[in-house]
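Now for the letters of each chain:
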Amino acid sequence: MVACSVVAVPAYAEDGYDLWLRYAPLEGEAQSDLRADSPFANIADGGRSSPTLEIALEELSRGFAGLQGSGARAANGSPVKVELDCGETVGTGEGGYRLSPVADDPRRAFLIAAEDHLGCLYGSFALLRELSTGKRLSDIAIGQAPAMPLRMLNHWDNPDGHVERGYAGRSIFDWWHLPERLDQRMIDYARANASLGINGVVVNNVNAKSFMLEPRYIAKLERLAHAWRPYGIRVYLSARFSAPRDIGGLDTADPLDPAVRAWWHAKADQIYTAIPDFGGFLVKANSEGQPGPQDYGRTHADGANMLAAAIGDRGTVIWRAFVYSAEDEADRAKQAYEEFVPLDGQFADNVIVQVKNGPVDFQPREPFHPMFGAMPNTRLMLEAQITKEYLGFASHLAYLAPLWKEVLDADTGRGGTVAEVVAPVGIAGVANTGSDRNWTGSHFDQANWYAFGRLAWNPALTSEEIAGEWAAQTFTRDPAAVGAITSMMLDSREAVVSYMTPLGLAHQMDTGHHYGPGPWVCDLARPEWNPCYYHQADRSGIGFDRTANGSDALSQYAPQVAAQWADPATIDPHYLLWFHHVAWDDTLPSGRTVWQELVREYDRGVAAVDTMAGQWAGLRGAIDAERHRAVSESLAIQQREARWWRDASVAYWQSLNGLEMPQGASPPAETLEAYKSRSFPEAPGQ
Ligand code: GCW
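Conventions adopted
Residues numbered from 1 in each chain as written. Predicted model: local features only at pLDDT ≥ 70, side-chain atom pairs only at ≥ 80, totals over all residues. Heavy atoms only, no water. Helix = DSSP H or I, 4+ residues; strand = E, 2+ residues; numbered from the N terminus. Expected span 1.5 Å × (residues − 1). Contact = heavy atoms within 4.5 Å. Polar contact = N/O pair within 3.5 Å; in protein donor to acceptor, adjacent residues only side chain to side chain. Phe/Tyr/Trp six-rings, centres within 6.5 Å; stacked < 30°, edge-to-face > 60°. Buried < 20%, exposed > 50% of the residue type's maximum accessible area, 1.4 Å probe, protein only. Near = heavy atom within 4 Å. Areas by Shrake-Rupley, 256 points an atom, 1.4 Å probe, with all protein chains shown as cover. Nonpolar A, V, L, I, M, F, W, Y, C, P; charged D, E, K, R; others polar. Pairing = 2+ DSSP bridges. Axes fitted to C-alpha atoms, helices over the stretch in contact; angles between N-to-C directions. pLDDT = per-residue confidence, 0-100. Lys, Arg positive; Asp, Glu negative; His and termini not counted. Salt bridge = Lys/Arg side-chain N within 4 Å of Asp/Glu carboxyl O. Core = buried A, V, L, I, M, F, W, Y, C linked by side-chain atoms within 4.5 Å. Disulfide = S-S within 2.5 Å.

S.K.: What should I look at first to understand helix H7 (residues 258–274) in this one?
M.R.: Note on helix geometry: an α-helix contains 3.6 residues per turn, so any two residues three or four positions apart are oriented the same way. A rise of 1.5 Å per residue sets the reference length of H7, with its 17 residues, at 24 Å; its end C-alpha atoms lie 25 Å apart and thus fit the reference within 8%. For H7, the secondary structure elements touched by its buried residues are helix H5 (215–228), helix H6 (243–246), strand E10 (280–283) and helix H8 (300–311). Put simply, aspartate 257 is the residue that caps the front of H7, since its side-chain oxygen is 2.8 Å from the backbone nitrogen of alanine 259.

S.K.: What is the right way to look at the packing of aromatic side chains in this model?
M.R.: Given two aromatic rings, one states the distance between the centres and the angle between the planes to describe the pair. With the rule as written, the count across this model stands at 43 aromatic pairs. A centroid spacing of 5.5 Å and a plane angle of 40° characterise the contact between phenylalanine 444 and phenylalanine 475, whose relative ring orientation is tilted. You can see phenylalanine 444 sitting in the loop between strand E14 (426–430) and helix H12 (446–457) and its partner phenylalanine 475 sitting in the loop between helix H13 (463–474) and helix H14 (479–500), a full 31 residues away along the chain. Summarising the burial analysis for this pair, phenylalanine 444 and phenylalanine 475 share the class buried.

S.K.: Any chance you could explain the site of the ligand here in plain terms?
M.R.: Contacts to the ligand come from 15 residues, most closely from Glu164, Lys284, Lys356, Asp361 and Glu389. In the environment of the ligand, an oxygen atom lies 2.6 Å from a nitrogen or oxygen atom belonging to the side chain of lysine 284. The fraction of the free accessible surface of the ligand (340 Å²) that becomes covered by protein chains is 97%. Residues belonging to the shell around the ligand are distributed by class as follows: 4 nonpolar, 3 polar and 8 charged.

S.K.: Sorry if this is basic, but what is going on with the sheet that holds strand E11 (residues 316–320) here?
M.R.: Backbone hydrogen bonds are what pair the strands of a sheet, in a parallel or an antiparallel way. With parallel pairing, 8 strands are arranged side by side around a closed barrel as E7-E8-E9-E10-E11-E12-E13-E14. Strand-to-strand, the axes of this sheet are offset by a mean angle of 25°, without reference to chain direction. Bridge count between E11 and strand E12 (residues 351–356): 4 bridges; the pairing is parallel. Bridge pairing in E12 places tryptophan 319 opposite valine 353.

S.K.: Explain the confidence of the model for the protein chain here, please?
M.R.: Keep in mind that low pLDDT regions are not for reading the predicted coordinates in detail. Across the protein chain, pLDDT averages 94, with 95% of residues at or above 70. Counted against residues more than four places away or in other chains, residues 1–12, with its pLDDT under 50, gives 32 contacts.

S.K.: So what exactly am I meant to see when it comes to the side chain of aspartate 188 here?
M.R.: For aspartate 188, the position within the fold is in helix H4 (residues 184–196). Of the side chains with opposite charge, arginine 191 comes closest to the buried, unpaired aspartate 188, at an N-O distance of 5.4 Å. A distance of 2.6 Å separates the side chain of aspartate 188 from the side chain of tyrosine 17, its partner in a polar contact. The contacts of aspartate 188, once residues within four sequence positions are left out, are Tyr17 and Trp439.

S.K.: Is there a simple way to explain the nonpolar core in this structure?
M.R.: Across soluble globular proteins, you tend to see nonpolar side chains buried next to one another. Core analysis: the largest hydrophobic core is formed by 226 residues, its most contacted members being Leu127, Trp228 and Trp264. In terms of residue count, helix H18 (residues 594–617) provides more of this core than any other element does, 11 residues in total.

S.K.: For this particular structure, what's the right way to read the state of the cysteines?
M.R.: The term disulfide refers to a covalent linkage connecting the sulfur atoms of a pair of cysteines. Counting across every chain of the model gives 2 disulfides. A sulfur-sulfur distance of 2.2 Å marks the disulfide that ties cysteine 86 to cysteine 120. The S-S bond linking cysteine 86 to cysteine 120 shows a torsion near -100°; that makes this disulfide left-handed. With cysteine 86 in the loop between strand E3 (81–85) and strand E4 (97–101) and cysteine 120 in helix H3 (residues 117–132), this residue pair connects regions lying 34 residues apart in the sequence. Across the pair, cysteine 120 and cysteine 86 agree in class, each one buried. Between cysteine 522 and cysteine 532 runs a disulfide, and the two sulfur atoms are separated by 1.7 Å. One end of the pair, cysteine 522, is in the loop between H14 and helix H15 (531–535); the other, cysteine 532, is in helix H15, and 10 residues separate them in sequence. Counting only the cysteines that form disulfides, in the order they appear in the protein chain, gives the pairing 1-2, 3-4.

Okay, here's the thing in structure tokens:
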């Protein structure tokens, strides 16, 4: 039996570093529930300890000490005892857990039961989450198992510390000083991930550098893998397909070339010798200039299977489906499906194909990717973007759970929802972490990291549940404040859609950095780099015709799904301009014309941001001053920039359609030329 004593929690300033793991003191009875002198005991598995279990016990000590505050020690009553039973068959499988008061002494004994030590760690975090949101110990009874095996973060972090599409400072990975020096942030990061059940991390950008496969980097990775192992996190590397040429001294990277195959085999052996539980490789191939098997006339399956053979049953190759070719004139939204679906059934068992949530690229709203459900003989995984490349970076508040839920809950019409299609495999999120003190560039962006992890664990959770539990742990347990914060969060993503890309528009962001409006950009070398390509607007109408009369992207969906979107008169207006080109004066089911509806949506988005700012202002005093001020200042930026988006877009549409502003709508504040002349070469993340 292992027991440990309660340790004091260091008092941090409320600068956001503690994320949702603050363990702020409970009040009243809930607090005295937790009086615990020496409360945590490992009672089973022969009392065998492990680094994972030690972390669980330490977390419980830290959590109970924090939740008790200073008052509880003096409280009356006998101390509560929390027992961890980590080797039982409890029917929850790997990583699962059961939490329950002990039947014959429910107020003073509590049990965390799991089949393995990781389950006990996850169960400990779950218990602390329940307590932190205000549940009484004696009321907590839950059994949980992860919904999918792989719950990963993908970092687009470069070894020089720059983060592609990163808006929270520099990379958290200090490759320069590894392996000798391991930053404490690496531990704090693993702890935060473990609290959500995230169990895999790709440490480098998919636009990868080959030198990260060299032995000196394997040593750095080994140190990280060792530090994260007790937290249940396996490390993965993005691998550049041309590595055998770049660093291997070969003159080809052809996946069918025996020397190339041997090189990767030896590379995998080298990595597995250092890191026996190495997760595997993530590969971006033949996409946006990255090398790949097609450079040698081979297919994606040839490339992926070659790497899969090198790894064998030791790990996994995750092959990205985010491809669009530099020559293909087909609608970009169709290209991934066209390249991958014919390969269904050809990928090796240890290959996963990773598919972005939508067919273009992490827009504020896209229909779900048509590949989901269309490759029944391939292991498909969902890729979501936590960092907000197209949603106002870390400057705009946009809670992304509703975006991900929309995709996860979408019925593919081919044997289940997207969540059901990926459940046997997993989900990856492009991380939003950085060196900023608050980790994510803004306090509310922590909620996106949190929500991603919670949905990967259980996609059936609602956006509202997740927002509520996050707010209670992160800011305050006061129910009125939690209600206000939750309401802000739930409306925030739709607000961004409305002021940036309403009615199914997409990719209207300015070139390169993707910040701010750029609907007038029409002259870039490749058609699909231009916002004009996506809106197809002219004097008479707007929208991308993806019906049979147009690109026919609609036909990539199951017939009953395509049928929902086929008719502009009945389609959900959220997808109207994604699938249809309509006249400005067409009348919509609302009775308004397309032009009136569009302007109305922009105005709705602007007003929604004003509402959020007002709600937050009303929380002054309920939230600590430092974080309240930081969020207020960001919301002021968002209020100004929502107007910028609305006005610049409207001014541009008017330059095409020559229409007056709809009745009651105000004209843009500045001229179109003034909006066009703005430029931001210094925007982060490029
Ligand atoms: O969203 C786009 C980004 C690129 C990114 C690419 C990808 C890592 O603009 O920065 O590259 O997608 O997903 O590969």
